[in-house]
Amino acid sequence: MKGTPWHPHRGFETVTYIIDGTFIHRDSHGGGGVITDGDTQWMTAGSGLLHIETPPESLVMSGGLFHGLQLWVNLPASDKMITPKYQDIRSGSVKLLTSEDGGALIRVIAGEVDGHQGPGATHTPITMTHVSLTPGAQVTLPWRADFNALAYGLAGSGSAGQKRRPFHTGQAVVFGDGDSLTVRADEKQDSRSATFEFVLLGGLPIREPVAWYGPFVMNSHRELQQAMEDFQAGRLGTVPADAN
C-alpha cells in the first residue's frame, strides 16, 4: 500500500500541508477528510488516537505526484492529554497578503502576520505561512521578538536575512533575534519553478523536557512507557469497523 498503515499518536500535533496532489486522512476519533492544492490537515493527537494517511488509489495508479510537507508540533505538558481534535483548513480560508510591490504572496495558515490572522487554531503561539516570491523580489515581515523562526525551501532558490544567507529547495535557514524577517528570491530560478516558494514558521518556545519515541512525544520516559502500554491495551482507540 501507499501512505501509512493505521498507527498511533500521543502528545503532539501533525500538520499536513499539500501543495500538489491529494491525500486522505482518517482517525479513530472521527476526524478526517481529503486535502489537495493548498489544503491543510491539523490533527491534535493529544491523549491519543489511531490514524491513517493515504493517497487515493486512482492517483497512485496514474503515477500522480505529491508535493507537500508534514510538521510535528509539540504540545506543552498541560495539553498533552487533551481530547483529540481535527482541523480541516481549506486553501480558500487562509489569509492572503501581498507586499506593496506585488512581488510576494503570503498565505497565513495559522497565527498572525502584521495583524492578519490565519484560520488555524494553535495551543501555543505559532505562526505558519507559505510565501511565494517572484524572481528578484524581497519581502520583510514583522515578527514577534520572542518567537523563534525558520524558513524551509519548497521550490526555487533565494537568500535569508540582511547577510543574504543562501538556501534553496529542501534546505532550511534559522533566523536569529529580531522583530522582522527578510527573504529575497534569486534573480534566476530553475526551470521547475517560476517563483521562490518557502514555508516561514515559528513560535513561542515551550522550554520543557522532550521525550520522543516513534509516534509519541511526551515529557518523560515514564510517560512514553505509559503511552506504549495504553496503545497495546487498546486505550488509544480502535480501527473503525468499516475501514479497509
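Everything below is about the structure printed above this text.
Residues numbered from 1 in each chain as written. Predicted model: local features only at pLDDT ≥ 70, side-chain atom pairs only at ≥ 80, totals over all residues. Heavy atoms only, no water.

Novice: Would you mind showing me how to read the packing of aromatic side chains here?
Specialist: A ring pair, where both rings are aromatic, is described by two values, the distance of the centres and the angle of the planes. Per the stated rule, a full pass over the model turns up five aromatic pairs. Ring plane angle 80° and centroid distance 6.3 Å describe the contact between Trp 143 and Phe 147, whose orientation is recorded as edge-to-face. Overall, the relative accessible area of 7% leaves Trp 143 in the buried class. Within the aromatic cluster, the residues linked to one another by ring pairs are Phe 167, Phe 196 and Phe 198. (Phe/Tyr/Trp six-rings, centres within 6.5 Å; stacked < 30°, edge-to-face > 60°. Buried < 20%, exposed > 50% of the residue type's maximum accessible area, 1.4 Å probe, protein only.)

Novice: Sorry, what's going on with the pairing of strand S10 (residues 104-110) here?
Specialist: Side-chain positions along a regular strand alternate between the two faces of the sheet. In terms of burial, S10 is largely enclosed, as six of its seven residues are buried. Relative to S10, strand S9 (residues 95-98) runs antiparallel, the two being bridged by four bridges. Within S10, the residue paired with Thr 98 across the bridge is Leu 105. Connecting S9 to the next strand, S10, in antiparallel fashion are five residues, including Gly 102 with a positive phi near 75°. Bridge analysis of S10 against strand S13 (residues 126-133) gives six bridges, and the strand direction is antiparallel. Of the residues in S13, the one forming a bridge with Ala 110 is Met 128. (Helix = DSSP H or I, 4+ residues; strand = E, 2+ residues; numbered from the N terminus. Pairing = 2+ DSSP bridges.)

Novice: When you look at unusual backbone geometry in this model, what are you seeing that I'm missing?
Specialist: Among all residues save glycine, negative phi is the norm, and among peptide bonds the norm is trans. Even without a glycine there, the phi angle at Asp 37 is positive, about 50°. Mapped onto the fold, Asp 37 is located in the loop between strand S4 (32-36) and strand S5 (39-44). Judged by relative accessible area, which is 48%, Asp 37 ranks as partly exposed. Despite not being glycine, Asp 114 shows a phi value in the positive range, around 55°. A residue is classified by how much of its surface remains accessible, and Asp 114, at 55% relative accessible area, is exposed.

Novice: Help me out: how do you make sense of the sheet that holds strand S20 (residues 196-203) in this one?
Specialist: The pairing of strands in a sheet happens through backbone hydrogen bonds and is either parallel or antiparallel. Strand order in this open sheet of six strands is S9-S10-S13-S20-S15-S18, and the pairing throughout is antiparallel. On the outer flanks of this sheet lie S9 and strand S18 (172-174), each paired with one strand and no other. Direction aside, neighbouring strands of the sheet carry axes that sit 20° apart on average. (Axes fitted to C-alpha atoms, helices over the stretch in contact; angles between N-to-C directions.)

Novice: Would you mind going over the sheet that holds S5 with me for this structure?
Specialist: Here we have four strands laid out as an open sheet, ordered S7-S2-S5-S8, and antiparallel in their pairing. Among the strands making up the open sheet, the edge pair consists of strand S7 (67-74) and strand S8 (85-89). Direction aside, the axes of adjacent strands within the sheet are offset by 10° on average. Here strand S2 (residues 12-20) runs beside S7; their pairing, made up of eight bridges, is antiparallel.

Novice: Can you walk me through the pattern of salt bridges in this structure?
Specialist: Opposite charge on two side chains allows them to pair when their charged atoms are near. One pass over the structure, following the stated rule, counts eight salt bridges. Linking Asp 146 and Arg 144 is a salt bridge whose minimum nitrogen-to-oxygen distance equals 2.8 Å. Note on Arg 144: relative accessible area 41%, which makes it partly exposed. Three or more residues joined by partner-sharing salt bridges are found here, namely Arg 10, Asp 230 and Arg 235. (Salt bridge = Lys/Arg side-chain N within 4 Å of Asp/Glu carboxyl O.)

In short, geometric facts, not functional conclusions.
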